Amino acid sequence: MFEARDIHKSFGHVEVLRGVSMTVRRGEVACLLGPSGSGKSTFLRCINHLEKFDAGRMWVDGELVGYRQSGRRLHELHDREIAQRRSRIGMVFQQFNLFPHRTALQNVMEGPVVVKRAKPRELMEEAHQLLRRVGLADKAHHYPSQLSGGQQQRVAIARALAMHPALMLFDEPTSALDPELVGEVLDVMRDLAAGGMTMIVVTHEIGFAREVADVAHFMADGVLVESGLPAEVLGNPQHERTRNFLSKVLA
Amino acid sequence: MAGHAATTEAPAAERDDDLVVVPARHPGRWLAVACIAVLAAMAVHLLVTNSRLQWSVVWQYVFSKPILTGVLRTLELTVIAMVIGVVIGILVAIGRLSPNPVLAKVAWLYSWFFRGTPLLVQLLFWFYLSALLTHVSIGIPFGPEFASASTNSLITPFLAAILGLGLNEGAYMSEIVRSGILAVPRGQAEAGQAIGMTRSEVMRRVVLPQAMRVIIPPTGNETIGMLKYTSLVIVIGYAELLTSASLIYARTFQTIPLLIVAALWYLAITAVLSIAQYYVERHFDRGFQPAAAKSRGSRLLRGERALRPAPEQPTVAMRSVS
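Fair warning: this is a prediction, and the values are worked out from it, not measured in the lab. Counting from 1, residues in each chain are numbered in the order their sequence is written. Chains and ligands are labelled by the order in which they are written, letters from A for the one and numbers from 1 for the other. In keeping with the model being predicted, local features are shown solely for residues with a pLDDT of at least 70 and side-chain atom pairs are shown and tallied solely at 80 or more, while totals for entire chains, interfaces and linings include all residues. As a rule here, side-chain values cover all heavy atoms of the structure and leave hydrogens and water aside.

Draft legend 1. Seen up close, the layout of surface pockets. Grid points spaced at 1 Å over the protein atoms alone were grouped into cavities, where a 1.4 Å probe fits but cannot get out, and pockets, open sets with protein on both sides within 12 Å along at least five of seven lines, with lining residues defined by an atom within 4 Å of a point. Grid points are joined across faces, edges and corners, and a volume is the space filled by probe spheres set on the points. The calculated volume of the largest pocket comes to roughly 1,100 Å³. Taken together, the elements giving at least two residues each to the lining of the largest pocket come down to helix H2 (79-86) of chain A together with helix H8 (157-183), helix H9 (186-194) and helix H10 (199-229) of chain B. For the lining of the largest pocket, the element with the most residues is H10(B), which contributes five residues. Among the residues forming the lining of the largest pocket, the class breakdown is 18 nonpolar, seven polar and eight charged. We count a stretch as a helix when DSSP gives it H or I for four or more residues in a row; a strand needs E for two or more, and each element gets its number in order from the N terminus. All amino acids are sorted into three groups, where Ala, Val, Leu, Ile, Met, Phe, Trp, Tyr, Cys and Pro are nonpolar, Asp, Glu, Lys and Arg are charged, and the leftover types, Gly among them, are polar.

This is how it looks when you write it as structure tokens:
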């Protein structure tokens, strides 16, 4: 489903990804943990072409990320082709990034209407259903500014799901939330995982990773330090860096 | 000072209900009001008693045919020049923010050139274009021509005015649009891209609608400015409002009354434009204010109630201050 091989990425002179390789099978949930500045978010953004990587290869659903292969040549993708690839990958941001000038329902419908040229009338039913699925059936006509952070993030998840993505990326989806609102967002993500969605989740929620993830990856200084079953990586970390991080997070 | 001393003397255990709130005094405001009242009286006196203002002449011309035609032409120039300006402004702003370096440079060059030369010079330049190019033609560059016309017959005063005002406005509008685009958080564009929108879809559906909130107020300003800049076309002899008025006073020597006629019309149109701006701003504010406005309103109410001084015993209050 997803494979990354030896990904490198620098911002100026700072190398933020120093050879990251990772595989995620269909239906699997992979959690990416690590201290801030370790390159987790950058790696996630590379998958969705929001950042370009400098070296290495990535595949999503058998398709090369960033390039089109013909024979022995790799052609860099154009804007339209990149947009096409992105439409099959859902992304949820730390800051929600809902469109403030559109209601919850319009936010959910925006992708299919603009990108897939779907008729708003035919979409209405499905959009309402998606809002129901994230527990916001009664907030369809609210603007983002009228919703709490947790509600906004759930709308953002519904917006991503509206495109029927094959893979969902979560970039610290609960980090900007008040503590009492974290649970409602994690519940939606838990449901999604149970429904068989392939997910890559950058998170600081150790409990969520332990409970929901099939694989946990620990990242530090641009490399994957440790990968494996969450119970193993989180319960019995082999690496000094992992132990250090976990002791701070769980303290 | 006396009030201050009184509060320090008062024992801490004194009961609360015989305390009196003394509203702050603002002698400066009264002084300002007095000055303004005198100036206003002088102004009214001048307007009423100076016979050279010739108000009867003003009323005679304010709705006269040449003036009304001039008003219509001024409005026409303002609207067309602003439409051209906004369209060019959006294109140039997007050009400047384009990842294509050639496009970005050309867009920068455009706004540098049209902001860097006086509008008056530009208007005269377009009017006298025939001195530079005798013919304008459509065809393949350096190849055959399909249609051709003499510049002299093509560039009417109206077209020169539109070109001059519109192209110049485009340069200013591009900076306004650019600041609006830059004011939209980066995450918004990324959210649009993440659901599969192309760059132009992101611009049209996500960024520009939000940038409008920032773009509209200065654009209203520009429109009101444009209304008055149109009077510059007097140098190329297009009969808009000011030119029409000047044609009359050149004949009758009633200079001041006719300038007042023009000024009254500019003021009236500006008032209408200001009202229109209010409604346009409100439209593009949707989604941004509801929750905030509600809480702000209630806070104001609460604040007002809390700040209102206790009404009882005003005489005591006066005494304690003096």
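Draft legend 2. Representation of the interface of chain A and chain B. Between two residues, a contact is recorded if the distance between any of their heavy atoms is within 4.5 Å. Tallying the contact residues gives 27 residues for chain A and 23 residues for chain B. Buried area between chain A and chain B, both sides added, is near 2,300 Å², and the carbon and sulfur share of it is 56%. One speaks of a salt bridge when a side-chain nitrogen belonging to Lys or Arg is within 4 Å of a carboxyl oxygen belonging to Asp or Glu. Across the contact surface, chain A and chain B share three salt bridges. Across the pair Glu110(A) and Arg205(B) runs a salt bridge whose closest N-O atoms are separated by 2.8 Å. Looking at the side of chain A that touches chain B, the elements with two or more residues in it are H2, strand S8 (89-92) and helix H3 (104-115) of chain A. Residue composition of the side of chain A that touches chain B, grouped by class: twelve nonpolar, seven polar and eight charged. Buried area adds together the accessible area that both of two parts lose upon being put together, with accessible area traced by a 1.4 Å probe.

Draft legend 3. Broad picture of the pairing of strand S12 (residues 223-228) of chain A. Residues and elements named next belong to chain A. In this scheme, strands are said to pair when DSSP sees at least two bridges between them. In this sheet, S12 lies alongside strand S11 (residues 215-220) in antiparallel orientation, the contact comprising five bridges. Considered in S12, the bridge of Ala216 is made with Gly228. In textbook terms, the turn of a hairpin is the stretch between consecutive antiparallel strands, and for S11 and S12 this stretch comprises two residues, one of which, Asp221, has a positive phi near 50°.

Draft legend 4. Up close: the sheet that holds strand S10 (residues 199-202) of chain A. Residue and element names in this part refer to chain A. Reading across the sheet, the six strands line up as S8-S9-S10-S3-S11-S12 and stay open at both edges, with mixed pairing between neighbours. Whereas interior strands pair on both sides, the edge strands pair on one side only; in this sheet they are S8 and S12. Going from strand to strand, the sheet's axes swing by 15° on average, the running direction of each strand aside. Strand direction decides the pairing type here: strand S3 (residues 29-33) and S11, joined by four bridges, are parallel. Along S11, the bridge assignment pairs Leu33 with Phe218. Orientation is described by lines fitted to C-alpha atoms, with helices fitted over the stretch in contact, and by angles between N-to-C directions that extend from 0 to 180 degrees.

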